[in-house]
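Observations on the model geometry
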Amino acid sequence: MKLPFFAALIVFVVAVASTQLALRLANREADQQIERLANVYLDGLKASTQPFIEAENWPAVDAGFRRAFTVQKGVAEVGLYLVDSHGSALVSTATGASPTIPTSISSGAQSFRLDSSAGLAWVRRSTTSDEKHALVAALDVSDTISARGRLFWSVALLDLIIAALCGLLTYLVLRRLGRPIDGLLALLQDGARRPEPVPPTLAARASKELRPVLAAYNEMIDGLRDRDRLRAEIAERTQAAALGRLAATLAHEVRNPLGGLATAVTTLRKFGGDPQVRAESLEFLARGIDSLDALVTRTLNVYRPEDERRFAREDFEDIRLLVEPAARKQEVELAFEIEVPGPVNIAASGVRQVLLNLLLNAVAVSPRSGRVCLEARIVEQQLTCLVSDEGPGMEQSHIRRLLGEDAQDIRSRRIGIDAIVSILGDLNARVSVQGNAGGGTAVRVEIPLEAQP
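The following refers to the structure shown. Note that residues are indexed from 1 along each chain, following the sequence as it is written. The predicted nature of this model means local features are confined to residues of pLDDT at least 70 and side-chain atom pairs, given and counted, to a pLDDT of 80 or more, with totals for whole chains, interfaces and linings taken over all residues. Remark: hydrogens and water are excluded; side-chain values derive from all non-hydrogen atoms of the structure.

1. Section: the overall build of the protein
This is how it is decided: We count a stretch as a helix when DSSP gives it H or I for four or more residues in a row; a strand needs E for two or more, and each element gets its number in order from the N terminus. Each residue's exposure class comes from its accessible area (1.4 Å probe, protein chains only) as a fraction of the maximum for that residue type: buried when under 20%, exposed when over 50%, partly exposed otherwise. Whether two residues touch is decided by their heavy atoms; if any such pair falls within 4.5 Å, the residues are in contact. Accessible surface is estimated by sampling points in the Shrake-Rupley manner with a 1.4 Å probe; for residues, cover comes only from the protein chains shown.
Counting secondary structure elements, the protein contains 12 helices and 12 strands. Split into buried and exposed, the 453 residues of the protein put 38% on the buried side. Here the contacts in the protein between residues at least 6 apart in sequence split such that 64% fall between residues at least 24 apart. For the protein, the exposed surface amounts to about 26,400 Å²; the carbon and sulfur share of it is 57%.

2. Some thoughts on the sheet that holds strand E9 (residues 371-378)
Applied cut-off: Strands were regarded as paired on the criterion that DSSP finds at least two bridges between them. Orientation is described by axes fitted as lines to C-alpha atoms, over the contacting stretch for helices, and by angles from 0 to 180 degrees between their N-to-C directions.
One open sheet holds the 5 strands; their spatial order is E7-E9-E10-E12-E11, and the pairing between them is mixed. Taken across any chain shown, the strands that pair with only one partner, and hence form the sheet edges, are strand E7 (333-339) and strand E11 (430-435). The mean inter-strand angle of the sheet, taken between neighbouring strand axes irrespective of direction, is 10 degrees. For E7 and E9, the ladder comprises 7 bridges, and the chain directions are parallel.

3. Looking at the nonpolar core
Our working rule: Here the nonpolar core consists of buried residues drawn from Ala, Val, Leu, Ile, Met, Phe, Trp, Tyr and Cys, with membership extended through side-chain atoms lying within 4.5 Å.
Of all hydrophobic cores here, the largest spans 45 residues; its most connected members are Phe-311, Phe-316, Val-323, Val-351, Leu-355, Leu-359 and Leu-374. Among the elements that make up this core, the one with the highest residue count is helix H10 (residues 348-365) (10 residues). Listed in part, the 22 residues of the second largest apolar core include Ile-53, Val-61, Phe-65 and Leu-80.

4. Let's talk about the pattern of salt bridges
Let me state the cut-off plainly: Definition used for salt bridges: Asp or Glu carboxyl oxygen within 4 Å of a side-chain nitrogen of Lys or Arg.
Across all of its chains, the model carries 14 salt bridges by this definition. A salt bridge links Asp-318 to Arg-352; its shortest N-O distance comes to 3.0 Å. Taken together, the residues span a long stretch of sequence, with Asp-318 in helix H9 (residues 313-330) and Arg-352 in helix H10 at a distance of 34 residues. By relative accessible area, which is 3% here, Arg-352 ends up buried. For the salt bridge of Arg-377 with Glu-339, the shortest nitrogen-to-oxygen distance reads 3.4 Å. Residue Arg-377 is found in strand E9, and its partner Glu-339 is found in strand E7; the two are separated by 38 residues along the sequence. Here Arg-377 falls in the partly exposed class, since its relative accessible area comes to 26%.

5. Topic: the packing of aromatic side chains
Basically, it comes down to this: Classification of ring pairs rests on two measures: the distance between centres of Phe, Tyr or Trp rings, Trp counted by its six-membered ring, which must be within 6.5 Å, and the angle between planes, read as stacked under 30 degrees, edge-to-face over 60 and tilted in between. Charge-over-ring placement is defined geometrically: NZ (Lys) or CZ (Arg) within 6 Å of the ring centre, and within 35 degrees of the ring normal.
The full count for this structure, using the stated rule, is 3 aromatic pairs. Consider the rings of Tyr-81 and Trp-122, whose centres lie 6.1 Å apart with planes at 25 degrees: the pair is stacked. Of this pair, Tyr-81 sits in strand E1 (residues 76-84) while Trp-122 sits in strand E4 (residues 120-126); the two residues are 41 residues apart in sequence, bridging distant segments of the chain. With respect to class, Tyr-81 is no different from Trp-122; both count as buried. Across the ring face of Phe-336, the terminal group of Arg-320 is positioned such that the distance to the ring centre comes to 4.5 Å.

6. Description of the pairing of strand E5 (residues 133-140)
Buried residues dominate E5, accounting for 7 of its 8 residues. Two strands pair when backbone bridges link them, and E4 and E5 are joined in this way by 7 bridges, in the antiparallel orientation. Following the sheet pairing, Arg-125 is matched in E5 by Leu-135. The hairpin turn running from E4 into E5, its antiparallel successor, is 6 residues long, and Glu-131 in that turn takes a positive phi close to 55 degrees.

7. Topic: the packing of helix H1 (residues 2-54) against helix H4 (residues 142-177)
Helix-helix packing is described using two parameters, namely the angle between the two axes and the distance between the axes. For clarity, the threshold we go by: Should an angle lie under 35 degrees it is considered roughly parallel, over 145 roughly antiparallel, and from 65 to 115 roughly perpendicular; all remaining angles are considered oblique. Crossings are sorted by hand: turned counterclockwise from the far helix by less than a right angle, the near helix makes the crossing left-handed, and turned clockwise it makes it right-handed. Note on residue categories: nonpolar means Ala, Val, Leu, Ile, Met, Phe, Trp, Tyr, Cys or Pro, charged means Asp, Glu, Lys or Arg, and polar means any other residue, Gly included.
Axis separation between H1 and H4 bottoms out at 8 Å; the angle between their running directions is 160 degrees. With respect to H4, the element H1 is oriented roughly antiparallel. Considering the relative orientation of H1 and H4, their crossing is right-handed. Its residues assigned to classes, the contact of H1 with H4 comprises 21 nonpolar, 6 polar and 4 charged.

8. Let's talk about unusual backbone geometry
Of note in the backbone geometry, Glu-56 takes a positive phi value of approximately 55 degrees without being a glycine. Checked against the element boundaries, Glu-56 lands in the loop between H1 and helix H2 (58-70). Using a relative accessible area of 40% as the deciding quantity, one classes Glu-56 as partly exposed. With a phi angle near 50 degrees, Glu-380 is a residue other than glycine that sits in the positive phi range.

Structure below.
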């Protein structure tokens, strides 16, 4: 609304100012006409009184002045004067009270002066070249000045009306031309919620210069809608991929301990009569089931028990039992060097899952008759575990993924590595990878002990 308003205001001001300037020029021209008329009058008066003035016959000059007052069909005289070089009136004739000659006229500083307030036009003309004597006339121009004043106010009022109408018309025209812009602004303001294109009816009202802008806006809206559709499709596909990966992770992590649990069941079937074997197997099965339950809970990220069992030496034995089936199948030797005196203040399920995945991966890449070693000890309030193998070495993409340096490289991901990275983050653990001199890879995991409650 500001643009039409200021445009209308400019039109109004320009119209009024131009009319006032025209009136001033017209008034100046009228003043010059009055001056010329007064000079013509003095030409005639001088011609009739010049001989008497040269003879200094003042009564004859006064008689000539009085004769001029008897004929007032063109110019109405108010006063006629003959002044000397000092401005003193030698002869004066007036229709009533003689008006006072302005000093600028009597002294000769001005030859013409218009007194609008008195309605008089004063004019002076020297009768001789030495300006010893001069004629001064006071002419009545009140009717002319009154008519000019009435004309001024009539024109001013008409000018204000016309200027106001022109300003209003300018405002309405610009408002009509600006409706497409107003509609575009409204759409842009609502665009944060739901962007909409410019309706065809609104675009049809736009000027030729504005139509490309509206067309470009509609193309932008179409692009935004296409982007939103693609974003929704990508979100759906990402969600489906995440669900599939979650299911694959669960299947992978649940399958890892199944071989050990199956071995325990087989042991129970063969040697269930031995109370010690039965007790050890049942405890192993119970811990395995608890570990699977914690694994599912952690993976789904729904609930993490506050009173989760602490990690103990027995968990190392369980890990050995769970890895042994894969090691026997791969003909790989397992070597455990455990220097952990007793239970440590760390959640057992996370540590079991990390070590189990690392050992299973090490067994999978080790050559036949190779050796996989697990070393564990407490160092500076940290459970430090070192898993080493004699394989060809871990791929660089897997190393970067394990160290958290290549989280966006989906092609280098493996389900086991993903599980390890996720759990290490929950445990605030640090991991490092280095190659052995004789071949193979060593993965060091440092898990800080939790504070005692």
